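# Chain and residue survey
Given next are the chains, with one letter for each unit.
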Amino acid sequence: MPILCGSDLSAASAGVLEVACALATMRKETEVILLHVADLDEDDADRDQQLSDRRIKLDAQAAHAHFPGGRIRVELLVGKVEEALVDFSDTESVSMIVIARASRGTGRVGTTATTIIAHTRVPVLCVHAPEPWLAFAKKERPLRVLLGIDDSSTCDLSMQFAQGLRAEGPLDIILGGIYYPDDASKHYGVKADNIIDRLPEVEGLLARDLVRRFGGDPTHVAARPRRGLGRIGDHLLELARDEKVDAIVVGTGQKTGLGRLGSVSTVIALEAPQSVICVPPQANVPTITVPSVRATLVATDLSQFANRAVSYAFSITPPDGTVHIVNVVDDDKELSAGELAELERQLAALAPVNAAQTVLAHVVRGDDAADALAQAAARNGVDVICISSRGRSGITRAIVGSVADRLLRATRLPVLVLRPS
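A brief look at the structure comes next. (Residues numbered from 1 in each chain as written. Predicted model: local features only at pLDDT ≥ 70, side-chain atom pairs only at ≥ 80, totals over all residues. Heavy atoms only, no water.)

### As for helix H1 (residues 11-26)
Because an α-helix packs 3.6 residues into every turn, residues spaced three or four apart end up facing the same way. Inclusion rule: For helices the rule is a DSSP run of H or I covering at least 4 residues; for strands it is a run of E covering at least 2, with both sets numbered from the N terminus onward. Residue count minus one, scaled by 1.5 Å, sets the expected span of a helix. Relative accessibility thresholds used throughout: buried, under 20% of the residue-type maximum; exposed, over 50%; partly exposed, between the two (1.4 Å probe, protein chains only).
The terminal C-alpha atoms of H1, which comprises 16 residues, lie 23 Å apart, in line with the 22 Å expected from a rise of 1.5 Å per residue. For H1, the set of buried residues is Ser13, Gly15, Val16, Leu17, Val19, Ala20, Cys21, Ala22, Leu23, Ala24 and Met26. Among the residues trailing H1, Lys28 stands out with phi positive, at a value near 60°.

### Remarks on the sheet that holds strand E12 (residues 322-329)
Note the threshold: Whether two strands pair comes down to DSSP finding at least two bridges between them. All axes are obtained by fitting lines to C-alpha atoms, using only the stretch in contact for helices, and the reported angles, taken between N-to-C directions, cover 0 to 180 degrees.
Taken together, 5 strands build an open sheet; the order of strands is E13-E12-E11-E14-E15 and the sheet is parallel. On the outer flanks of this sheet lie strand E13 (358-365) and strand E15 (415-418), each paired with one strand and no other. The mean angle between the axes of side-by-side strands here comes to 20°, regardless of whether they run parallel or antiparallel. Judged from the 4 bridges that link them, strand E14 (residues 384-388) and E15 form a sheet pairing that is parallel. By the bridge assignment, Ser388 is partnered in E15 with Leu418.

### Considering the packing of helix H3 (residues 81-92) against helix H4 (residues 112-119)
For any two helices packed against each other, one specifies the crossing angle of their axes together with the interaxial distance. Under the convention used in this document: Angular relationships are summarised with four words: roughly parallel below 35 degrees, roughly antiparallel beyond 145, roughly perpendicular across 65 to 115, and oblique for the angles in between. Note on convention: the crossing is left-handed when the near helix lies turned anticlockwise from the far helix by less than a right angle, right-handed when the turn is clockwise. Contacts were defined at the residue level, with two residues in contact if any of their heavy atoms lie within 4.5 Å. Polar here means any residue other than Ala, Val, Leu, Ile, Met, Phe, Trp, Tyr, Cys and Pro, which are nonpolar, and Asp, Glu, Lys and Arg, which are charged; Gly is therefore polar.
At a minimum axis distance of 9 Å, the contact between H3 and H4 shows a crossing angle of 40°. Accordingly, the angle class assigned to the pair H3 and H4 is oblique. Here H3 runs over H4; the crossing is right-handed. Facing H3, whose interface residues are Val81, Glu82, Leu85 and Val86, H4 presents Thr112, Thr115, Ile116 and His119. In terms of residue class, the contact of H3 with H4 is made up of 4 nonpolar, 3 polar and 1 charged.

### Some thoughts on the pairing of strand E2 (residues 31-38)
Worth spelling out the cut-off: Viewed with both strands pointing away, a crossover whose connecting path from the first strand over the helix to the second turns clockwise is right-handed.
Counting buried residues in E2 gives 8 out of 8 residues, a clear majority hidden from the surface. The two faces of E2 match: Glu31, Ile33, Leu35 and Val37 on one face and Val32, Leu34, His36 and Ala38 on the other face are all buried. Alignment of strand E1 (residues 3-6) against E2, held across 4 bridges, turns out to be parallel. When the sheet's bridge partners are listed, Leu4 is paired in E2 with Ile33. You can see the chain leave E2, run along helix H2 (residues 47-64) and come back into strand E3 (residues 71-78), and the turn it takes is right-handed.

### Comments concerning the sheet that holds E1
Taken in spatial order, the 10 strands make up an open sheet running E3-E2-E1-E4-E5-E10-E9-E6-E7-E8, and their pairing is mixed. The strands lining the two open edges of the sheet, one partner per strand, are E3 and strand E8 (221-227). Adjacent strand axes in the sheet meet at a mean angle of 20° when their direction is disregarded. Two strands pair when backbone bridges link them, and E1 and strand E4 (residues 96-100) are joined in this way by 3 bridges, in the parallel orientation. Within E4, the position partnered with Cys5 by the bridge is Val98. The strands that helix H8 (residues 200-214) touches are strand E6 (143-148), strand E7 (171-179) and E8; relative to E8, the one it contacts most, it runs at about 140°.

### A few points about the nonpolar core
Put simply, the rule is: Here the nonpolar core consists of buried residues drawn from Ala, Val, Leu, Ile, Met, Phe, Trp, Tyr and Cys, with membership extended through side-chain atoms lying within 4.5 Å.
Within the largest apolar cluster, 60 residues are counted, with the highest numbers of intra-cluster contacts made by Leu23, Leu125, Trp133 and Leu147. It is H1 that contributes the most residues to this core, 9 residues altogether. With residues near it in sequence (within four places) discarded, Leu147 still touches Ser158, Met159, Ala162, Ile173, Ile174, Leu175, Gly176, Phe214 and Val249. If you look at the next biggest cluster of nonpolar residues, it comprises 34 residues, including Ile33, Leu35, Val124 and Cys278.

### A word on the environment of Gly79
By the element assignment, Gly79 lies in the loop between E3 and H3. The spacing of Gly79 and Leu40 is 39 residues in sequence and 6.8 Å in space, taken between C-alpha atoms. Sequence-distant contacts of Gly79, defined by excluding residues within four places in its chain, comprise Val37, Ala38 and Asp39.

### Quick notes on the packing of helix H7 (residues 181-188) against H8
At their nearest, the axes of H7 and H8 sit 10 Å apart, and the two run at 75° to each other. The pairing of H7 with H8 is recorded here as roughly perpendicular in orientation. Residues Ala184, Ser185 and Tyr188 of H7 form the contact with H8, whose own contacting residues are Val202, Leu205, Leu206, Arg208 and Asp209. Tallied by class, residues from the contact of H7 with H8 come to 5 nonpolar, 1 polar and 2 charged.

### Describing the environment of Thr25
Inspection of the secondary structure puts Thr25 in helix H1. Measuring from C-alpha to C-alpha, the distance between Thr25 and Phe67 comes to 7.4 Å, with 42 residues separating the pair along the chain.

### What about unusual backbone geometry?
Positive phi outside glycine occurs at Ser93, with the angle close to 55°. Summarising the element assignment, Ser93 is placed in the loop between H3 and E4. Judged by its relative accessible area of 42%, Ser93 falls in the partly exposed class.

### Remarks on the pairing of E1
Burial along E1 is two-sided: the face carrying Ile3 and Cys5 and the face carrying Leu4 and Gly6 are both buried. For the crossover from E1 across H1 to E2, the handedness is right-handed.

Okay, here's the thing in structure tokens:
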């Protein structure tokens, strides 16, 4: 699919066209579309002359671009810049849009870039400086990229986009994860004395999870958890500055109206002094890496039915992986050292005979079993949780509830639920 390069006929746009051609060459694409949208009124007296002059400049940009073995198709449209560019990208089924970072709309709040990002269905690269991208395309030096990671599905797409870039050329990737002490301490089940100070234990766990979630070869990948006190976008900008990156990659939920003012992608697109890549939720991004199961948590209360989930945990965990067998006891239940050791022995004994996996038994405390299991899973960095559900229904389920049901809401991990026969 071709790359679409938006031009406002400036010198900056000429550099952006060079980037678009270089990326197309790396991807073995044979066409780049150079598009200029003229926002002219129908009753402009010199409208035809303006269009003629702009066409000449556009053709000159195309003629001076370096795209060996490829074709630059020149298109000149009349209309509102953002609307025309987005509509054209949909019609032509382009793979991405490349525009100048400094491109601004006329008489509108915000930039042309942020409006395009909010409405397009393809990734948008806003180029601040062409030089790092051209050096990356020539494999002269790695492109240093900050990838903002959160728990959203759009983040999955931005990670795959970054993996795709990595497959095309040398990349140094900084994984940026912004955490808030109160939320993070609850998620991992660790103690936080206040909601202001950094949490070194949380940062260690989060760094582990960032690298594991990104997946693939961890070479040239570094995790940088950062405590948050304000907007996530502001913290990512600080991290990008500290790490001296060439570009920031984020997913966007494409918020509109007032919600757009505080969105991470909007803050970064408006204020970043680096190039910015925004990947929308509808983007058709090839899948480069897939999740892998390396560690599994299985919950049991040591009843016959609950124990049945243990074998399923071993069935989906590779031989070199780890299975955590967990039992939850109430906070107010007294256990002697001997009783605790006996519980752990019983849990470990549930492992299949001659199991190749590493088996770890845990007795965790908590008034809410679902929360305690979710926190144990997060702390131990597991990929999947297995649990049996007793299948309560009707008034019993409404009053008593289900640990499995609550666990589905308490964790962000996949949960395999074994139902009663």
